[in-house]
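Spelled out from the first residue to the last, the chains are:
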Amino acid sequence: MKVSIIAFTDNGMEIAYKLSNSLSEDNDSETAKEYVDVLSRQAVRLKKLTEDLVEASKASSGAVAVNKEVLDIGELINQSVGEFSEKLEAAEIAPVINLPENEVFIYTDGRLLWRVFDNLIQNIIKYAQPGTRAYFDLTELEGTAVLTVKNISKEPLNMTAEALMERFVRGD
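Residues numbered from 1 in each chain as written. Predicted model: local features only at pLDDT ≥ 70, side-chain atom pairs only at ≥ 80, totals over all residues. Heavy atoms only, no water.

Asker: Looking at this structure, how should I read the sheet that holds strand 2 (residues 93-98)?
Answerer: Neighbouring strands of a sheet are bound in pairs by backbone hydrogen bonds; such pairs are parallel or else antiparallel. One open sheet accounts for 3 strands, arranged 2-4-5; its pairing is mixed. Only two strands of the sheet have a single partner each, and these edge strands are strand 2 and strand 5 (144-150). The mean inter-strand angle of the sheet, taken between neighbouring strand axes irrespective of direction, is 15 degrees. In this sheet, strand 5 lies alongside strand 4 (residues 132-141) in antiparallel orientation, the contact comprising 7 bridges. Each bridged residue has a counterpart across the sheet, and for Glu-140 the counterpart in strand 5 is Ala-145. Of the strands in this sheet, strand 2, strand 4 and strand 5 touch helix 3 (residues 73-83), which is tilted by about 170 degrees from strand 4. (Pairing = 2+ DSSP bridges. Helix = DSSP H or I, 4+ residues; strand = E, 2+ residues; numbered from the N terminus. Axes fitted to C-alpha atoms, helices over the stretch in contact; angles between N-to-C directions. Contact = heavy atoms within 4.5 Å.)

Here's what the structure looks like:
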């Protein structure tokens, strides 16, 4: 019997949901509520990780649909950082956005580029030193848009830049 990983994850989410409902109905203790919260968070996290794994698999096999369009990358940077402004503030990270005076247009899939920015900013929130800044510097060099993102990590990175850029590597 073949079962897709998505169906397996969905079934796991359903079981976790039923179990968490059962625990919360049967037991009013604070410990049970904490278990329910942890179970719910972990189930959602598992589903997201599974979806990300499937997307990574599609991307590496070339099976991702790409819908390119012309867009203003500066506007996308502003929107992306704005979307995370509350979380950045809660993490005590001040975004500093430096854009050129003129708009910079690129030909790309905005949905996929949004996912890249989403991942970058989520990583800044998770791994940046509180009380610091995150820099988003956009330049145009010989007709090519160049975005540089910099921040200071919470912990020292004891690995090379090449090792850190490997797929599925975490610096912590």
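From this point, things continue past the structure.
Asker: How should I be thinking about unusual backbone geometry in this particular structure?
Answerer: Most peptide bonds are trans, and most residues other than glycine sit at a negative phi. Non-glycine residue Glu-92 carries a positive phi angle of around 60 degrees. Summarising the element assignment, Glu-92 is placed in the loop between helix 4 (85-90) and strand 2. For Glu-142, which is not glycine, the phi torsion reads 50 degrees and is therefore positive. Looking at the element boundaries, Glu-142 is found in the loop between strand 4 and strand 5.

Functional significance is not addressed by these values, which are geometric in nature.
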